[in-house]
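What the coordinates show
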Amino acid sequence: MCNKLLRYLLQAALISCALFLVSSKTPSSLERIKTAGKLVVLSQNGPTTYYEAPDGTYTGFEYSLLHAFADELRVTLEIRDLHDLDQLFNTLPSAHLAAAGLTVTPQRRDQVRFSPAYLEIRQQVIYRLGEPRPREITDLRSKTLAVIAGSAHAENLSQLAQRHPWLSWDELSNIDTMELLELVQQGIYHYAIVDSHSYDLYRGLYPNTHIAFDLSGPQPLAWAFAKNEDNSLYRAARNFMLRANTNQLVAELHELHLGHASDMNSGGAQTFAKLSRTRLPKWRDQLKQAGNKYAIDWQLLAALSYQESHWNPRAKSPTGVRGLMMLTLPTARELGVNRLDPEESIDGGARYFAQVRDKLSSRIREPDRSFMALAAYNVGYGHLQDARILTGKMGANPDRWADVRDHLPLLAKRKYYRQLKHGYARGWEPVIYVQNIRHYHALLTWSNRIEAQRLAANNTDNDTLTSDQEAQIESDDASSTL
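Just so it is clear, the model here is predicted, and its values are computed rather than measured.

Counting secondary structure elements, the protein contains 21 helices and 13 strands. Counting every position in the protein, which comprises 482 residues, the buried fraction comes to 53%. Surface accessibility of the protein: about 23800 Å² in total, with carbon and sulfur atoms responsible for 48%.

The residue Thr-49 is located in the loop between strand E1 (38–43) and strand E2 (51–52) in this model. One polar contact links the side chain of Thr-49 to the main-chain carbonyl oxygen of Gln-44, over a distance of 2.4 Å. Leaving out residues up to four positions away in the same chain, Thr-49 has contacts with Ser-43, Gln-44, Thr-59, Gly-60, Phe-61, Glu-62, Tyr-63, Ala-100 and Gly-101.

Our next topic: the packing of aromatic side chains. For the structure on display, the rule yields 14 aromatic pairs. Plain terms: the ring middles of Tyr-58 and Tyr-63 are 6.1 Å apart, the flat faces sit at 50° to each other, and that makes the pair tilted. By relative accessible area, Tyr-58 is classed as partly exposed at 37%. Overall, Tyr-63 belongs to the buried group, its relative accessible area being 13%. Taken together, the ring pairs in this structure connect Phe-272, Tyr-306, Trp-311 and Tyr-440 into an aromatic cluster. The aromatic ring of Tyr-234 is capped on one face by Arg-113, whose charged end is 5.0 Å from the ring centroid. A cation over a ring is seen here: Lys-359 above Tyr-381, with NZ or CZ 4.3 Å from the ring centre.

Right, let's talk about the packing of helix H3 (residues 61–73) against helix H9 (residues 232–246) for a bit. Running from N to C, H3 and H9 point in directions that differ by 120°, and their axes come no closer than 11 Å. Put simply, H3 runs oblique to H9. In the packing of H3 onto H9, the handedness of the crossing is right-handed. Contacts between H3 and H9 involve Leu-65, Ala-68, Phe-69, Glu-72 and Leu-73 from the first element and Leu-233, Ala-236, Ala-237, Phe-240, Met-241, Arg-243 and Ala-244 from the second. Class assignment for the residues of the contact of H3 with H9 results in ten nonpolar, no polar and two charged.

It is worth spelling out a positive patch on the surface at this point. A cluster of basic residues, Lys-413, Arg-414, Lys-415 and Arg-418, forms a positive patch at the surface. On the secondary structure map, Arg-414 appears in helix H19 (residues 414–417). Classification of Arg-414 as exposed rests on a relative accessible area of 56%.

Moving on, we come to the nonpolar core. Ranked by internal contacts, the top residues of the largest apolar core, which has 94 residues, are Leu-102 and Trp-311. The element that contributes the greatest number of residues to this core is helix H20 (residues 428–458), accounting for nine residues. Setting aside residues up to four positions removed in sequence, Leu-102 forms contacts with Leu-85, Leu-88, Phe-89, Arg-108, Phe-114, Tyr-118, Pro-220, Leu-221, Ala-222 and Ala-224. Judged by nonpolar contacts, the second largest core, of 34 residues, contains Ile-33, Leu-39, Ile-121 and Leu-221.

Moving on to the sheet that holds strand E10 (residues 170–172). One key point about sheets: their strands pair by backbone hydrogen bonds, in either a parallel or an antiparallel sense. Strand order in the open sheet formed by five strands is E10-E9-E11-E8-E12, and the pairing between neighbours is mixed. Each edge of the open sheet is held by one strand with a lone partner, namely E10 and strand E12 (209–214). When strand polarity is set aside, the average angle formed by the axes of neighbouring strands in this sheet is 35°. Two elements, strand E9 (residues 145–148) and E10, share three bridges in a ladder whose sense is parallel. Bridge pairing in E10 links Ala-146 to Asp-170. Along the sheet, helix H6 (residues 152–161) makes contact with strand E8 (123–128), E9, E10 and strand E11 (191–195), crossing E9 at roughly 130°. With respect to the sheet, helix H7 (residues 177–185) is in contact with E8, E9, E10, E11 and E12, its orientation differing from that of E11 by roughly 150°.

Turning to the environment of Gln-435, a few remarks are in order. Position of Gln-435 among the secondary structure elements: in helix H20. Note on Gln-435: relative accessible area 23%, which makes it partly exposed. For Gln-435 and Arg-405, which are 30 residues apart along the polypeptide, the C-alpha to C-alpha distance reads 9.9 Å.

Take Arg-400: it is sitting in the loop between helix H17 (381–393) and helix H18 (401–407). Residue classification places Arg-400 among the partly exposed residues on the basis of a relative accessible area of 22%. On a C-alpha basis, the gap between Arg-400 and Asp-368 in space is 6.0 Å, while along the polypeptide they are 32 residues apart.

Along the chain, Ser-28 falls in the loop between helix H1 (2–23) and helix H2 (29–36). Discounting residues that sit within four places of it in the chain, Ser-28 has contacts with Asp-230 and Ser-232.

A grouping of Tyr-424, Trp-428 and Ile-432 is seen on the molecular surface, where their side chains present a nonpolar patch of about 310 Å² in accessible area. Inspection of the secondary structure assignment puts Ile-432 in helix H20. Of the residues examined, Ile-432 reaches a relative accessible area of 48% and is grouped as partly exposed.

The subject of this paragraph is the confidence of the model for the protein. Low-confidence regions, as indicated by low pLDDT, have predicted coordinates that should not be scrutinised in detail. Predicted confidence across the protein gives a mean pLDDT of 87, with 86% of residues reaching 70 or more. In the predicted structure, residues 472–482 sits below a pLDDT of 50 and forms 33 contacts with residues beyond four places in sequence or in another chain.

Thresholds, definitions, all that
- Per chain, residue numbering runs from 1 following the sequence as it is written.
- Given that this is a predicted model, residues contribute local features only at a pLDDT of at least 70 and side-chain atom pairs are listed and counted only at 80 or more, while totals for whole chains, interfaces and linings are drawn from all residues.
- With hydrogens and water set aside, each side-chain value is computed from the structure's full complement of heavy atoms.
- Each helix corresponds to a stretch of at least 4 residues labelled H or I by DSSP, and each strand to a stretch of at least 2 residues labelled E; elements are numbered beginning at the N terminus.
- For every residue, the accessible area obtained with a 1.4 Å probe (protein chains only) is divided by the maximum for its type, and the residue is called buried under 20%, exposed over 50%, and partly exposed between those limits.
- Residue exposure ignores everything except the shown protein chains as possible cover, and the areas themselves are Shrake-Rupley values with a 1.4 Å probe.
- Whenever a nitrogen or oxygen atom comes within 3.5 Å of another N or O atom, the pair is scored as a polar contact, on the condition that within protein one atom can donate a hydrogen and the other can accept it, and that pairs from neighbouring residues in sequence are kept only if both atoms are in side chains.
- A contact between two residues is defined here by any heavy atoms of the two lying within 4.5 Å.
- Only centres within 6.5 Å qualify two rings of Phe, Tyr or Trp (six-membered ring in Trp) as a pair; their planes then separate them into stacked at under 30 degrees, edge-to-face at over 60, and tilted for everything else.
- Only when the NZ of Lys or the CZ of Arg is both within 6 Å of the ring centre and within 35 degrees of the ring normal is a charge said to sit over the ring.
- Think of each axis as a best-fit line through the C-alpha atoms, taken over the contacting stretch in the case of a helix, with angles from 0 to 180 degrees between the N-to-C directions.
- Here the word oblique covers every angle except those under 35 degrees (roughly parallel), over 145 (roughly antiparallel) and from 65 to 115 (roughly perpendicular).
- Crossing handedness follows the turn of the near helix against the far one: under a right angle anticlockwise gives a left-handed crossing, and clockwise gives a right-handed one.
- Residue type decides the class: Asp, Glu, Lys and Arg count as charged, Ala, Val, Leu, Ile, Met, Phe, Trp, Tyr, Cys and Pro as nonpolar, and the leftover types, Gly among them, as polar.
- Patches here: salt-bridge-free residues with over 30% relative accessible area, like charges joined within 9 Å, nonpolar side chains (Val, Leu, Ile, Met, Phe, Trp, Tyr) joined within 5 Å.
- The term salt bridge refers to a pairing of a side-chain nitrogen on Lys or Arg with a carboxyl oxygen on Asp or Glu at a separation within 4 Å.
- As used throughout, the charge tally considers Lys and Arg to be positive and Asp and Glu to be negative, leaving His and the chain termini uncounted.
- The atoms used to mark charge sites are NZ of Lys, CZ of Arg, CG of Asp and CD of Glu.
- Side-chain atoms within 4.5 Å link the members of a nonpolar core, which is a set of buried Ala, Val, Leu, Ile, Met, Phe, Trp, Tyr and Cys residues.
- When DSSP finds two or more bridges between two strands, those strands count as paired.
- Note on scores: pLDDT gives the predictor's confidence for each residue, bounded by 0 and 100.

Below, the structure written as C-alpha cells:
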C-alpha cells in the first residue's frame, strides 16, 4: 500500500514539474503578438505605402499587404509613421517590423533581416527639363545632387564614390520623394535620385522633371525585421509573402494601388499641370456639387472631364460628342441637358456615370465598379457587358476590372466579336481611357492634399485657421481614392 502511494505521489510530482516547465516557457514573439492582438509596423506616409482614406481608415499598397498579413494572424494592425529612414531602422527593435518601400541592400542586410521581395524597382536619376540631360554617372560631375538621408540611394552613391571619388551629393533629412522632385523642378538641385515606382506615380505632378538614366539595375523591396534569436514572426511573414507572390495577392494589390501609373509624357504632364491651375478652378464648385448629388468623388469627375474635354466647355470631337463631359446628342437628349451649358454638362455627365455604375451587377465591388463604369462611359454599356461575358467564357473573373481590362481589346478581333451581341468595338480604347483617368484622379487627389498640407503649414504660427481655410482642407480630405 505504501509503495503504491509512493509511486502515485512520484508520478504526480513529475506531472506537476512537467506542467510547470511548460507553463514557464517564454512565449515566442509571434505568440506574444497573438496574445496582445496587435501587429506594430513602422512605415512612412505616402501613396506607395499608406495614407488616410476619407472614412478615417487607411489604404495604400503597403497597408493592404500588411492588413492581409495581420488578418492571417488574426490581430489588428497598428502603423507608426516615421519620416526619417535612419530613425526607422534604429527604432525597429521597438516594433514588430518595418514596411516602407524598403530596398534590400548589402548594408541593410547587415543590420536587419528581410522578408522575400514583393516588388522590384530601379534607382533613377531625375533632371529638370530644359537643362542638359545627363546620360551616365560622369555627367553628374560638378552638379548638385540630392537624395533622402539614410536611403538606399545614399548607400549606392557611397559605393559608386569608391570608383568616382569626385562624386558628391547632399543627404536631406525629413523630406519625401515629392519634396525631392519639387527641388529639382524649381531648379534648387540639378538632380535627384528616386525609386522608379514612386516617380511613375509623381511625374504628372512635376511636369518639368524627367528621367535622365537608371542608376541601378532591378532592386527588391521587402519588409524588414530586427535580427534576434526569435524568428517566429519572421517565419510567419516569410511564408505569407511567398504565398502572396504565388496566389496573385501582390499582383492584385499592385494593380489596385499602383496600376494607374501612366505613360504621360512631359508635354502631357505640363498641359495637365497648367490646366489644373487655369481651367479646373472655374468648374470646381460645379464638380463638387454634382459629386455630392450623385455620390461620386468630385476629383474623379474632374479627372473624367479632363480626359474627355481638357475642361473645355466648347470641346467637340470628330464623332460629334460635345461639351465639358463630351456627351453624345442622344444621351444629352435622354438626360434632358444642353451639352454646351457647362453646368448642365457636368450634371448630365455625372448622372449618366452614376446610372451606368448603378446598373452594373451588385456582385461588382469598388473600385472595380467605378472602373467598369468609366469603361462603359467610353465604349458603351453593351460593349462592356460583351467584354464581361467574354471574360467569363475564357475562365477569368467578369466582376474584376483587371480581368475585364485584359479581354476588352478582343472586341476588335473578328473571331471574338462575331459571337457577341453588340459586335465590333475598339476595345483597346477604354483600357487606355480608364488608365488615364485613374492617373489624373491620383494626381488631383495628391496635389490637393499637398495644397491642404501647405495651407496648414502656413498657419502653424496662428492660433486658428479661418473658416474658409478649414472648409477647404476638410473638402479636399473628403475626396475618395480609387
